[in-house]
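Chain by chain, the residues:
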Amino acid sequence: MADNWNATRLPDLTGRTAVITGANSGLGLVTAEALARAGAHVVFAVRDLARGGAAAAKVSGSTEVRRLDLADLDSVREFADGWDRPLDLLINNAGVMMLPEQRTKQGFEMQFGTNHLGHFALTNLLLPYVRDRVVTVSSAYHRYGDKVIHFEDVNLRGRYTPTRAYSQSKLANLLFTLELQRRLAEAGSPVRAVAAHPGYASTNLQSHHASALARALLSVGNRVFAQSDRAGALPTLYAATQDLPGASYVGPSGLGEMRGAPTLVGRSPAAGDPEAARRLWTLSEELTGVEWGLKPAGS
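Keep in mind that what you see is a predicted model, and the values were worked out from it rather than measured.

**Here we look at helix H2 (residues 49-57)**
And then number 1: Of all the positions in H2, only Gly52, Ala55 and Ala56 are classed as buried. Angular distribution of buried residues about the axis of H2 spans 95 degrees; they occupy a single face of the element. Opposite the buried face of H2, at more than 90 degrees from it, the exposed residues are Ala50 and Ala57.
And then number 2: Of the surrounding secondary structure, the elements contacted by the buried residues of H2 are helix H1 (26-37), strand E2 (41-46) and strand E3 (63-67).

Here it is, written out as structure tokens:
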């Protein structure tokens, strides 16, 4: 455990570039502030350029804003097509949580499509430029729901619930990280894939829950039990900057991983299943039309 580790202990990131999805608010904005303060050039990858620009203007350091809608694979491709320089850190932070049933532009269930498929496509398209690591933000909720990927229908038609869909998307984040790291190692790449989760952090994500009762309860929880968004961003910052093994998973050190200093944490058996990770990767390639681009070492 990194006792009392906080954002003041970040290394000097001068000369490094980070892309953060969903950097205009919540954990993404706190992450962007910390990395920029440490000297990194931070790219706000956001749906709304006006909101992203307003957020970036409040950050002390080097920033830029680019449009990215993870719920639209055309937007993901456009973002990647416009990228032409080395990228040190890709932080897959953006997400939606427990929404009423919705679909992405390409017709995927919104939480799986945004939280997993959008980031899957973005990562693979940008990977030729990445020099250090890919950090994907998951959740303790990967342990809940049905605890499986519904390969026969990831869109959950006819059996959608907000929790089932969210849990599936967060499980997908961890399986993606596992298979990404395996492929990076096989290709002889120095890039590392790691994951993090914020514990119970007070953000605006909870305000979008499909249930009015759940929104009310979560609002109380945010005020009484949750740690701050600044504390919630620490596992992501730790995962992005510390010397960790590939496929590591970082979360809070406290009871139930709800709060506390960042440390390496465990994952559910389902999230460590290499066969499920490979199967999810293949399915994600089929659904997005984006394939693995790095070749094995020596080929």
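Having seen the structure, we can now continue with the description.
**Quick word on the pattern of salt bridges**
It is possible for side chains of opposite charge to pair when their charged atoms get near one another.
And then number 1: Considering all chains together, one arrives at 18 salt bridges under this definition.
And then number 2: Arg16 serves as the salt-bridge partner of Asp88, at 3.9 Å between the closest nitrogen and oxygen. A residue pair is termed long-range when its members are at least 10 positions apart, and Asp88 in strand E4 (residues 87-92) and Arg16 in the segment before strand E1 (17-21) qualify at 72 residues.
And then number 3: A residue is classified by how much of its surface remains accessible, and Asp88, at 4% relative accessible area, is buried.
And then number 4: Overall, Arg16 belongs to the partly exposed group, its relative accessible area being 24%.

**Thoughts on the packing of helix H5 (residues 162-186) against helix H9 (residues 274-288)**
And then number 1: H9 packs onto H5 with a crossing angle of 95 degrees between their chain directions and a minimal axis gap of 8 Å. Taken together, the axes of H5 and H9 lie roughly perpendicular to each other. Contacts between H5 and H9 pair Ala172, Leu175, Phe176, Leu178, Glu179, Leu180, Arg182 and Arg183 from the former with Pro274, Ala276, Ala277, Arg278, Leu280, Trp281 and Glu285 from the latter.
And then number 2: Class assignment for the residues of the contact of H5 with H9 results in 10 nonpolar, no polar and five charged.

**Re the nonpolar core**
And then number 1: In terms of nonpolar packing, the biggest core is built from 47 residues, with Val19, Phe79, Leu126, Ile149 and Leu180 touching the most fellow members.
And then number 2: With seven residues, the single largest contributor to this core is H5.
And then number 3: Dropping the residues within four chain positions of it, Leu180 is found in contact with Thr123, Leu127, Val134, Ala193, Trp281 and Trp292.
And then number 4: Of all hydrophobic cores here, the second largest spans 31 residues; its members include Val59, Val194, Leu237 and Ala240.

**Thoughts on the sheet that holds E1**
Sheet strands associate in pairs through backbone hydrogen bonding, adopting either a parallel or an antiparallel arrangement.
And then number 1: Taken together, the eight strands give an open sheet; going across it, the order is E3-E2-E1-E4-E5-E6-E7-E8, and neighbouring strands pair in mixed fashion. Each end of this open sheet is capped by a strand with a single partner; those strands are E3 and strand E8 (262-264). The mean inter-strand angle of the sheet, taken between neighbouring strand axes irrespective of direction, is 25 degrees.
And then number 2: Looking at chain direction, strand E7 (residues 249-252) and E8 are connected through three bridges and run antiparallel. The residue of E8 that forms the bridge with Pro252 is Pro262.
And then number 3: Set on the sheet, H2 makes contact with E2 and E3; between it and E3 the angle comes to about 170 degrees.
And then number 4: The sheet contacts of H5 involve E4, strand E5 (130-137), strand E6 (192-196) and E7, and relative to E6 the element is tilted by about 160 degrees.

So, how was this worked out
Numbering of residues starts from 1 in each chain and follows the order in which that chain's sequence is written. Residues qualify for local features only when their pLDDT is at least 70, as the model is predicted, and side-chain atom pairs are given and counted only at 80 or more; totals for whole chains, interfaces and linings, by contrast, use all residues. Hydrogens and waters are ignored; side-chain quantities use all the structure's heavy atoms. In this scheme, a residue with accessible area under 20% of its type's maximum is buried, one over 50% is exposed, and one in between is partly exposed, where area comes from a 1.4 Å probe on protein chains only. Only DSSP runs of H or I reaching four residues or more are called helices, and only runs of E reaching two or more are called strands; each is numbered from the N terminus. The arc refers to the directions leading from the helix axis to the C-beta atoms. By definition in these notes, contact holds between two residues if any of their heavy atoms fall within 4.5 Å. In the sections that follow, a salt bridge refers to a side-chain nitrogen of Lys or Arg positioned within 4 Å of a carboxyl oxygen of Asp or Glu. What counts as an axis is a line fitted to C-alpha atoms, over the stretch in contact for a helix, and the angles between N-to-C directions run from 0 to 180 degrees. Oblique is the label for every angle not falling under 35 degrees (roughly parallel), over 145 degrees (roughly antiparallel), or within 65 to 115 degrees (roughly perpendicular). In this classification, Asp, Glu, Lys and Arg are treated as charged, Ala, Val, Leu, Ile, Met, Phe, Trp, Tyr, Cys and Pro as nonpolar, and every other residue, Gly included, as polar. By convention a nonpolar core is built from buried Ala, Val, Leu, Ile, Met, Phe, Trp, Tyr and Cys residues, the set being connected through side-chain atoms within 4.5 Å. By the convention used here, strands pair only if DSSP detects at least 2 bridges between them.

Geometric values such as these leave the question of function open.
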